[in-house]
Amino acid sequence: MVWWGWQRWQREIDWMALNGINLPLAFTGQEAIWHRVYTKMGITQAELDEHFAGPAFLAWGRMGNIRGWGGPLTPSWHNQTLALQKQIVTRMRLFGMFPVLPAFAGHVPAGLTRIHPDANITRLDAWSHFTDPYTRTYLLDPNDPLFQTIGSAFIQEMTSVLGSDHFYNCDTFNEMTPTSSDPDYLKSVGAAIYEAMTKVDHNAIWVMQGWLFFSAESFWQKAQAQALLTSVPIGRLLVLDLASEIAPQYNRLESYFGQPFIFCMLLDYGGVNGLFGNVDVLLKNMEDARKFPNVTLVGTGLTPEGINQNYVMYDFMNELGWRSTSPNVSSWAIDYARRRYGSDDPRLGRAWQLLMRSVYNCTTYIRYHGKGVIIMHRPRLHPKQLRSVYNDATHTLNHGQYVLVTRPHLDVKPDKIWYSVVDVITAWDLLINVAKGENNAEIFAEDIAESKQSISKPNTETEDSYGDHNAVLDRSFPQEQPSLNIGSQEFYLDKIKQDFSNNKNGEIRQMNHRNTQELQHNRVRRSGFVSNTADRMEYTDKASALSQIGKNSLNSFHPRFETSMGKEDEISEANMDRKLIRDGISASTESNKRTGKYGPQENESEMDVEMELESNSDPRKNGLEARNKSVTNQATFQHDLVDVTRQILQLVGGQMVLRLVQNYNNNVLLALQESHILLQELLVDLDLLLGTSPDFLLGRWVDASASWATSEKERDHYIFNALNQITLWGPTGEIHDYAIKQWSGLVLNYIKPRWEFFSQTLLTSLEQGLPFDEDRFRWDLFTLVEDPFTKDTNISYPSQPQGDPIQTAINFHTKYRPIFDSRFLHILERRYQSSLGQLAKMKMMKKEVKGTE
């Protein structure tokens, strides 16, 4: 939002009005007001330059986390943003909204210590790996008389320019710990903060983010929280329960001790990409809030760190504010598809039913979903898995640790999967079928059927065991990958044969039995391009000869994947019952019937009939073809098709990385070379796919930043801000990849070179027989790839989509869909079931602990 001009802001405000939002934050241009206040106090321009963060980092500068990074701010920036803020608040009020303006939180320039050496100003702790001079910000104690002087002066100056609706936001301790936990001190601090508002506006209402009670729960125990919250008269403090959808705090703090609060959905961290939602948890928490004794709930809200992703969740959340009971999600999904695409094609509704019950229904309490996509992150040898937010292990950090966006490293772990990949693949098939304009929804349904029959029970095998996990990927890739047909498959197979013969003379590195087995797997990989059902079944039969799959059911976790096989039974893929599934709907079995908020599946026979449109003589055919064309022309459908396809490619990319690292660890040089080529090709494909949509373009982000410039120097400065925030996020990557994006231009020019550098380093390590130097690699990666990218402000990135999103998605479905055969789906489903099993175990342990208290 920092780069938005008036046209974009106008659209956003109109969207707010249409969705019933009446309390929007309005923070734009406040640095211009602060500049006036501080210069009147004698603070120099140089001191302000050290204080204000750059445009892309303003939010963290305002909250006292950092200072100066990305700055300075120019006079033209101040003038333009203040003029824009006037337009923003005017239009908000035109629609009956109450803009929330900023107030003084106590974070001051270091220069204030020069002017007021006796003031009670302390330096806070360093924030998130930042070092001086960009952190350890200065905080003026609210009990110091100077706090009232500055706070009231700011409110006076701001309201004289912008007017007031009496709502003011102030967050003194957001991710920063107070100097004392004494309740009396905290009560006096709260009273002083509010007094600075009421000195100018007697009707002031303090709006506080409740994030501090979530992120620093160990500090904000009941006594400390009550002291702060009750320091203000009841009704004069409004708390934003910032992450109510996963971790509400009102229930821990007695409904904020009588202060009103808003139930908010945070959902997204860093503006990252990745399909994610938590429908069931959200609905349960909302229902619990309504039933909470003496609850002070007064509204619902959206508080994401970034937007432009997962639109369905924001639509869903906005609607909950108008409901007194939870909706039937299955029916809601059908209605959503009809509204979104202007079509009643049942395949669209079915696709959204599948998505809503899978990838948009995380129940494992995880957050920061897109940040973990391994390919998008900095390469390293020892990647981390999900980290705990609380001591309560049911809450974990970085939900969706996709291999795709994490910095390359060797100790890579499989993606954490909180959803049934089978459902997402089936939804993808349905969307592709609509995109093709076909009537019969001919999909790779036998893989779905087989995966449902071959899911094995959770076992004690750790996710580090890659033998079975990664062998599947090599056997699953189709042959038709133009850049690989000669340079990879034929060359490497001949090379492998030659190396085996040369090995008798000791001319190549000795390989153990496992390595030899992997090379045999590589020989049969991509044995034929699969383009239709018959070929697909033949291909699966060939692959089935290589290994067998365990088949114990996971009925206790996932009733949709019941089987009739015994615990110890083992069968090969060749003997699996290949029942086709029309239009992504499973064969009618009792185990597939679901009830509850997602609707009874046994009533879907009518949908089955509606979707059986194979006959050319069907009078509905022409009407359906017309509707298909209408749907594919919709920008919403094109966006969703690209987004779901992107999700699939990042899953494939994660598996490729696992294979790459395994080949290195097993000293298989030729296989490592091939894995590198495959990974590079996938990243090119991903960039090409993203480039067909206006919503996934780096060029739009860069051009928007440059549009604020009034000189070449400003232009370079703003583009640097834009590039650094979505990559290194700091001078040396202090919180690198926190706001990483899957955008065309970023994938090709930043993500791909990082993985290429990582692969080349691994290849050199094997060729020279030297160990992988993690520290040296990180430094070289930073100096040779990452830092230069952020400072090259002269590259022009496309800001308009290129190519046909529909045809591109169809092409990649043809290319990558065969990978998801029953074996690969089995692996992904096992990871999903494992996450559910871990969650169940954690909940049980939590209950046992409570029982002993």
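Fair warning: this is a prediction, and the values are worked out from it, not measured in the lab.

What counts as what
Residues numbered from 1 in each chain as written. Predicted model: local features only at pLDDT ≥ 70, side-chain atom pairs only at ≥ 80, totals over all residues. Heavy atoms only, no water. Helix = DSSP H or I, 4+ residues; strand = E, 2+ residues; numbered from the N terminus. Buried < 20%, exposed > 50% of the residue type's maximum accessible area, 1.4 Å probe, protein only. Contact = heavy atoms within 4.5 Å. Areas by Shrake-Rupley, 256 points an atom, 1.4 Å probe, with all protein chains shown as cover. Phe/Tyr/Trp six-rings, centres within 6.5 Å; stacked < 30°, edge-to-face > 60°. Lys NZ or Arg CZ within 6 Å of the ring centre and 35° of its normal. Pairing = 2+ DSSP bridges. Right-handed = clockwise from strand over helix to strand, strands pointing away. Expected span 1.5 Å × (residues − 1). Salt bridge = Lys/Arg side-chain N within 4 Å of Asp/Glu carboxyl O. Axes fitted to C-alpha atoms, helices over the stretch in contact; angles between N-to-C directions. Left-handed = near helix turned anticlockwise from the far one by under 90°. Nonpolar A, V, L, I, M, F, W, Y, C, P; charged D, E, K, R; others polar. Polar contact = N/O pair within 3.5 Å; in protein donor to acceptor, adjacent residues only side chain to side chain. Parallel < 35°, antiparallel > 145°, perpendicular 65-115°, else oblique.

Observations concerning the overall build of the protein chain
The helix and strand tally for the protein chain stands at 31 helices and 13 strands. Per-residue burial over the protein chain gives 59% buried out of 853 residues. The contacts of the protein chain with a sequence gap of at least 6 include a subset with a gap of at least 24, amounting to 79%. Of the accessible surface of the protein chain, which amounts to about 32,600 Å², a share of 50% is contributed by carbon and sulfur atoms.

Regarding the packing of aromatic side chains
What the rule picks out here adds up to 46 aromatic pairs. Summarising the aromatic geometry, the rings of F130 and W729 are spaced 6.0 Å apart at their centres and angled 85° between planes, so their arrangement reads as edge-to-face. Residue F130 is located in the loop between β3 (121-123) and β4 (138-140), and its partner W729 is located in the loop between α27 (712-725) and α28 (746-768); the two are separated by 599 residues in the primary sequence. Considered together, F130 and W729 belong to a single accessibility category, that of buried residues. Geometrically, the ring pair formed by F173 and W220 is tilted, given 6.3 Å between the ring centres and 45° between the ring planes. Of this pair, F173 sits in the loop between β5 (167-169) and α8 (183-198) while W220 sits in the loop between α9 (211-215) and α10 (222-229), and the two are 47 residues apart along the sequence. The two residues F173 and W220 agree in class, both being buried. Of note, R8 hangs over the ring of W4, and the distance from its end group to the ring centre comes to 3.9 Å. Here K741 stacks its cationic end above the ring of W743, 5.6 Å away from the centre of that ring.

Some words on the pairing of strand β9 (residues 297-302)
One ladder, built from 5 bridges, connects strand β8 (residues 261-265) with β9; its direction is parallel. Each bridged residue has a counterpart across the sheet, and for F263 the counterpart in β9 is T300. In this view, the connection linking β8 to its parallel neighbour β9 by way of helix α12 (residues 279-291) has right-handed handedness.

Some thoughts on the environment of L784
Along the polypeptide, L784 turns up in helix α29 (residues 774-791). Its relative accessible area of 56% is what places L784 among the exposed residues. Between the C-alpha atoms of L784 and P753, which are 31 residues apart in sequence, the distance is 9.9 Å.

Examining α27
Compared with the 20 Å implied by 1.5 Å per residue over 14 residues, the 20 Å span of α27 between its first and last C-alpha is a close match. Every buried residue of α27 is accounted for by E714, H717, Y718, I719, F720, N721, A722, L723, N724 and Q725. Looking at the buried side of α27, the elements it contacts are α4 (58-62), α5 (75-94), α26 (698-706) and α29.

What to know about the sheet that holds β3
Pairing in this open sheet of 3 strands is antiparallel, and the strands run β2-β4-β3 from one edge to the other. Each having just a single partner strand, β2 (107-108) and β3 make up the two edges of the open sheet. Judged from the 2 bridges that link them, β2 and β4 form a sheet pairing that is antiparallel. The partner of H107 across the bridge, within β4, is L139.

Structural notes on the pattern of salt bridges
Applying the stated criterion across every chain yields a total of 30 salt bridges. The closest approach of N and O atoms between D315 and R339, which form a salt bridge, is 3.7 Å. Residue D315 is found in helix α13 (residues 311-320), and its partner R339 is found in helix α14 (residues 329-341); the two are separated by 24 residues along the sequence. The class of D315 is partly exposed, set by a relative accessible area of 26%. Note on R339: relative accessible area 46%, which makes it partly exposed. Across the pair K815 and E681 runs a salt bridge, and its minimum N-O distance is 2.6 Å. A residue pair is termed long-range when its members are at least 10 positions apart, and K815 in helix α30 (residues 805-816) and E681 in helix α25 (residues 669-690) qualify at 134 residues. A single burial state applies to K815 and to E681, both of which are buried. Each of R36, K40 and E157 takes part in one network of salt bridges that share partners.

Topic: the sheet that holds β9
Ordered in space as β1-β5-β6-β7-β8-β9, the 6 strands form an open sheet in which the pairing is parallel. A single partner strand is all that each edge strand has here, and the edge strands are β1 (101-102) and β9. Direction of pairing for strand β6 (residues 205-209) relative to strand β7 (residues 237-241): parallel, over a ladder of 4 bridges. Each residue of the ladder has a partner; that of W206, found in β7, is L237.

Examining the packing of α13 against α14
Orientation of α13 relative to α14, taken along the N-to-C sense of each, is 115°, at an axis distance of 12 Å. The crossing of α13 and α14 is right-handed. Touching Y311, V312, D315, F316 and E319 of α13 are V329, W332, Y336, R339 and R340, all from α14. Of the residues that constitute the contact of α13 with α14, the class distribution is 6 nonpolar, no polar and 4 charged.

A look at the side chain of S255
Note on placement: S255 falls in helix α11 (residues 254-257). Within the structure, the side chain of S255 is placed 2.6 Å from the side chain of T296, a separation counted as a polar contact. Among all residues touching S255, those that are not within four sequence positions of it are Y250, F261, F292, N294, V295 and T296.

Description of the packing of α26 against α27
Between α26 and α27, the least distance of the axes is 8 Å, while the angle of their chain directions is 140°. Judged on the interaxial angle alone, α27 and α26 are oblique. Handedness of the crossing formed by α26 with α27: right-handed. Between α26, through L698, W701, V702, S705 and A706, and α27, the contact on the second element is made entirely by R715, Y718, I719, A722, L723 and Q725. Looking at side-chain class alone, the contact of α26 with α27 contains 8 nonpolar, 2 polar and 1 charged residues.

Considering the side chain of R347
Examined against the element boundaries, R347 turns out to sit in helix α15 (residues 346-356). For R347, the side chain forms a polar contact with the side chain of D345, separated by 2.7 Å.

Thoughts on the pairing of β7
Across the 5 residues that make up β7, a large majority, 5, are buried. Burial of β7 is two-sided: the residues L237, V239 and D241 facing one way and the residues L238 and L240 facing the other way are all buried. Sheet analysis places β7 next to β8, joined by 3 bridges and oriented parallel. Its bridge partner lying in β8, D241 is registered against F263.

Points about unusual backbone geometry
Between G71 and P72 the backbone carries a cis peptide bond, its omega angle lying at 5°. Counting through the fold element by element, P72 comes out in the loop between α4 and α5. A cis amide bond, omega 10°, links D132 with the succeeding residue P133. Along the polypeptide, P133 turns up in the loop between β3 and β4. At R136, a residue that is not glycine, the phi angle is positive and equals roughly 55°.

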